[in-house]
Amino acid sequence: MKSQSRAFRTNAEKALLDTQLQRALNIAGSGFIDKRRAAIDALPVFELLRDAARTIKEHTLSHLDDYLLRFEQQVRANGGQVHWARTPAEASKLVVQLCRAVDAKRVTKGKTMVGEEIGLNEALEQAGMIPIETDLGEYIIQLAEEPPSHIIAPAIHKTREQITALFKQHHARYGLTKPLETVPEIVNEARQVLRQEFLQADVGITGANLLIAETGSTVLVTNEGNGDLTASLPRVHIVVASIEKVVPTLEDATVILRLLGRSATGQEITSYTSFFTGPKRDTDQDGPEAFHVVLVDNGRTEMLGNDYHPMLRCIHCGACLNHCPVYSAIGGHAYGWVYPGPMGAVLTPLMLGLQQAPDLPQASSLCGRCAEVCPMSIPLPDLLRQHRFKLHEQRVSPLLTRLALAAWASLARHPASYRWVMNRISHLLHRVSRRQGRFQRLPFASHWTQSRDFPAPQGETFLSAWAKKVAQKRGDK
Amino acid sequence: MRVGLFATCLVDLLRPSVGFAAVKLLQQAGCEVEVPLAQTCCGQPAYNNGDRNNAARLAKQVIDTFYMYDYLVVPSGSCGGMIKVHYPELLKNDPAYHAKATDLAGRCFELTSFLVDVLKIESVDAAYTGKLTYHDSCSSLREWGIKQQPRHLLNSLDGCQLNEMANTESCCGFGGTFCVKYPAISTRMVNDKIASIQASGADTLVAADLGCLLNLAGRIKRLGLPIKVFHVAEVLAGIAHGPGIGEDESA
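Residues numbered from 1 in each chain as written. Chains lettered and ligands numbered in written order. Predicted model: local features only at pLDDT ≥ 70, side-chain atom pairs only at ≥ 80, totals over all residues.

**Q** Explain the sheet that holds strand β2 (residues 32–34) of chain B here, please?
**A** Strand-to-strand pairing in sheets goes through backbone hydrogen bonds, with the strands running parallel or antiparallel. Residues and elements named next belong to chain B. The strand order across the open sheet built from 4 strands is β2-β1-β3-β4, with neighbouring strands paired in parallel fashion. A single partner strand is all that each edge strand has here, and the edge strands are β2 and β4 (108–110). Within this sheet the neighbouring strands show an average axis-to-axis angle of 30 degrees, counted without direction. Strands in contact with helix α2 (residues 16–28) are β1 (2–5), β2 and β3 (71–74); relative to β1, the strand with the most contacts, it is inclined by about 170 degrees. (Pairing = 2+ DSSP bridges. Helix = DSSP H or I, 4+ residues; strand = E, 2+ residues; numbered from the N terminus. Axes fitted to C-alpha atoms, helices over the stretch in contact; angles between N-to-C directions. Contact = placed C-beta atoms within 7 Å.)

**Q** Would you explain the sheet that holds strand β6 (residues 158–162) of chain B in this entry?
**A** Residue and element names in this part refer to chain B. Sheet architecture is open: 4 strands sit in the order β6-β5-β7-β8, paired in parallel fashion. At either margin of the open sheet sits one strand with a lone partner, and together these are β6 and β8 (228–231). Averaged over all pairs of adjacent strands, the angle between their axes in this sheet comes to 35 degrees, without regard to strand direction. Across 4 bridges, strand β5 (residues 127–135) lies against β6 in parallel orientation. Paired with G130 across the two strands is C160, which belongs to β6.

**Q** Is there a simple way to explain the interface of chain A and chain B in this structure?
**A** Reports of interface size often rely on the accessible area that becomes lost once the parts have come together. The partner chain B presents 57 residues to the 55 residues of chain A that form the contact. Mapped onto the side of chain A that touches chain B, the elements with two or more residues apiece are α1 (8–17), α16 (325–330), α19 (380–393), α20 (399–412), α21 (415–432), α22 (446–449), β12 (454–455) and α23 (462–476) of chain A. Residues of the side of chain A that touches chain B, tallied by class, amount to 29 nonpolar, 15 polar and 11 charged. (Nonpolar A, V, L, I, M, F, W, Y, C, P; charged D, E, K, R; others polar.)

**Q** Could you clarify how one ought to interpret the environment of H323(A) in this entry?
**A** Residues and elements named next belong to chain A. Take H323: it is sitting in the loop between α15 (319–322) and α16. Overall, H323 belongs to the buried group, with 24 C-beta atoms counted inside 10 Å. Between the alpha carbons of H323 and P342 there is a distance of 9.5 Å; along the sequence they are 19 residues apart. Excluding residues within four positions of it along the chain, H323 makes contact with I33, R369, C370 and V373. (Buried ≥ 20, exposed ≤ 12 C-beta atoms within 10 Å, placed from the backbone.)

**Q** Explain the pairing of strand β2 (residues 106–109) of chain A here, please?
**A** The side chains of a regular strand alternate between the sheet's two faces. Residue and element names in this part refer to chain A. Note that β2 and strand β3 (residues 130–133) share 4 bridges and pair parallel. Bridge pairing in β3 links R106 to I130. For β2 and strand β4 (residues 203–206), the ladder comprises 3 bridges, and the chain directions are parallel. Its bridge partner lying in β4, K109 is registered against I205.

**Q** What is the right way to look at the packing of helix α10 (residues 160–171) of chain A against helix α11 (residues 183–200) of chain A in this model?
**A** Two quantities define a packed helix pair, namely the angle between the axes and the distance from one axis to the other. All names here are of chain A. For the pair α10 and α11, the least separation of the axes is 11 Å and the interaxial angle reads 30 degrees. Considering their axes alone, α10 and α11 lie roughly parallel with respect to each other. Once α10 is placed against α11, the crossing between them reads as left-handed. In this structure, α10 contributes I163, T164, F167 and H171 to the contact, and α11 contributes I186, E189 and V193. Across the contact of α10 with α11, the residue classes break down as 4 nonpolar, 2 polar and 1 charged. (Parallel < 35°, antiparallel > 145°, perpendicular 65-115°, else oblique. Left-handed = near helix turned anticlockwise from the far one by under 90°.)

**Q** How should I be thinking about the domain arrangement of chain B in this particular structure?
**A** Residues and elements named next belong to chain B. By the assigned domains, chain B splits into domain 1 (2–117) and domain 2 (122–236). With centres defined by C-alpha atoms, the gap from domain 1 to domain 2 works out at 22 Å. Across the contact, 27 residues belong to domain 1 and 22 residues belong to domain 2. The element that contributes the greatest number of residues to the side of domain 1 that touches domain 2 is helix α7 (residues 111–118), accounting for 6 residues. (Domains from an automatic or database assignment.)

**Q** Would you take a moment to explain unusual backbone geometry for this structure?
**A** Peptide bonds are trans in most cases, and residues, glycine excluded, mostly fall at negative phi. Despite not being glycine, H316(A) has its phi angle at roughly 55 degrees, a positive value. The exposure class of H316(A) is partly exposed, given the 17 C-beta atoms found within 10 Å. The backbone of T8(B) sits at a positive phi, close to 85 degrees, despite the residue not being glycine. Among the structural elements, T8(B) can be located in the loop between β1 and α1 (9–14).

**Q** Even after reading the chapter, I still don't get helix α9 (residues 148–155) of chain B, so can you show me in this structure?
**A** Residue and element names in this part refer to chain B. Taken together, the buried positions of α9 are occupied by Q149, P150, L153 and L154. Along the axis of α9, the buried residues cluster in a sector spanning 130 degrees; they form a single face. Elements that come into contact with the buried residues of α9 comprise α7, β5, β6 and α13 (232–236). (Arc of directions from axis to C-beta.)

Encoded structure:
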């Protein structure tokens with residue numbers, strides 16, 4: 001998908017004024033936060049699991065090549081194939097080739113964020129195939145021709161009214177014209193439409209939440225069961241996954257699964273946790289004839305061992321989005337690419353280049369709530385700050401900001417001048433404020449005063465008043 | 001015990017009474033308080049805007065200024081957090097200063113935490129008539145784990161009622177230069193926070209960080225709401241009877 005991240009500022013301002021979006025975000029409200037809290041409170045070992053998961057991931061990352069090769073070996077032993085893609089273009093080309101090889105016309109898709117990352121739907125369409133999203137949220141935004149706005153709830157920005165309107169517009173051709181009111185009615189109608197698609201599809205593509213080296217399995221968590229139908233009904237199942245998803249053993253996978261559901265939706269475990277291990281065996285009644293895994297790098301090996309290494313622990317639970325005050329205010333689309341919120345503000349500049357997303361690392365108050373809730377203990381504010389160091393070093397940040405900061409630092413390095421200047425400013429502002437205690441407008445501070453008054457100084461700086469007090473005391477003695 | 005007070009640049013310029021309140025609280029608790037005049041800024045604006053070099057220069061200056069004291073006390077979780085959490089990281093490749101930074105970090109405390117955790121103060125001898133609500137600054141909460149200390153002291157005030165607001169752990173939208181770089185997003189965040197403050201039924205807002213307070217008071221005054229705003233030190237020191245932050249002095 002084409003990035004709009006450079007337009008973050010404008011997009012964010014538009015999002016704040018978009019009443020439909022604000023209504024949708026408001027309805028979502030603190031639902032995820034409250035459910036996560038309750039799920040974690042009910043599991044006293046959560047912190048221990050968190051430490052264990054971090055250790056598992058760090059161990060895996062330090063032997064990533066080993067585990068990936070072991071995974072490949074196991075997939076092959078199970079009768080499947082593994083394909084390696086360095087870039088998004090390579091990855092989507094590989095998938096298209098695999099689809100073409102079986103002369104695919106219709107391709108069902110379970111939820112895959114990596115699929116978004118590599119622009120898979122566009123590639124399939126260009127190759128003349130019809131991709132059909134089967135996750136309800138993904139299906140809704142596919143109808144709306146929009147990208148996902150959340151990594152686990154892709155249509156969270158849509159209100160029920162918008163969804164029923166979309167269905168009305170697109171489902172008439174199936175003879176489905178009954179007005180929809182309730183959520184179950186919406187879900188049922190989507191099921192009716194998608195059931196046909198599942199049966200007709202030639203290829204099913206899913207993502208993976210985990211890859212297990214020991215067994216060659218790919219793990220997918222869903223709440224709708226669409227993943228299972230996508231994987232097992234068509235003749236071919238293709239899994240598209242990024243390389244950092246691998247864990248050594250089945251047991252390791254379960255540790256992460258216990259964190260994932262709770263952190264994401266507050267569920268102890270999602271409705272479906274599916275393990276796909278190779279194609280249909282002779283003894284199996286169902287399943288695909290062929291099983292492929294496309295492993296996508298897209299800059300991840302470069303992150304190994306560098307400043308952004310901890311980001312590779314991410315299990316895409318979305319907790320950092322749900323708890324981010326900026327994400328909650330503007331929604332996911334303003335971030336302009338596949339991954340929004342704090343994790344997106346770290347990943348997008350790494351995948352597209354800092355120049356393509358210079359606002360993302362800056363547009364955070366660094367409140368730290370994301371790191372606090374991250375099940376993999378990723379220090380997201382520190383990683384955002386790493387980007388800011390680079391933005392400063394590469395002089396991408398605005399010149400005026402850099403000059404103002406340099407001037408401030410230079411003054412602050414000369415305490416005597418600093419005291420004198422600050423005291424003069426304090427007196428001046430106090431006099432100008434005419435004892436009103438605040439300014440409604442102030443030169444050079446319009447970004448503050450456009451929505452806030454600026455509290456006025458009290459007349460003399462603390463250091464100046466203190467120095468006088470100390471001198472007076474000495475005099476008294 | 002010799003305590004060096006780092007007032008912070010915001011207190012120095014915009015709310016000196018917080019500095020005097022901090023001195024009073026520390027002296028009442030038996031500390032010998034000094035305010036070294038060589039103090040300026042902790043370097044956080046530079047650090048969070050990506051300018052590591054200037055941040056490191058200022059960090060070293062703060063370390064040199066305060067190293068001699070038994071403790072360094074800051075009436076701000078944010079500037080204090082810069083010293084405690086970020087100086088050692090910032091200076092990790094500086095052989096001369098890294099050990100000093102780590103040492104000073106261990107002796108650096110946010111004011112309310114210092115009073116309760118180090119000086120073991122149980123109560124303050126002051127009064128405040130009103131319904132207070134306490135805003136947790138993100139740094140106090142997450143870089144320091146401070147939650148109960150200020151509440152403990154506020155609860156000991158004569159005549160005071162503490163009303164907890166909902167979403168007390170969410171950011172007020174200040175975020176240093178964030179609030180002027182992304183004013184629209186910041187304004188939305190401060191509006192949400194103020195809605196929680198109003199819903200708590202409190203008539204006075206207190207917090208331990210002047211940054212948050214300037215932002216909150218600025219928006220509260222712009223909206224014309226009848227909520228007084230004070231730094232927690234002013235209330236605890238019993239000097240919160242004058243105009244609150246952003247309030248008319250002549251009224």
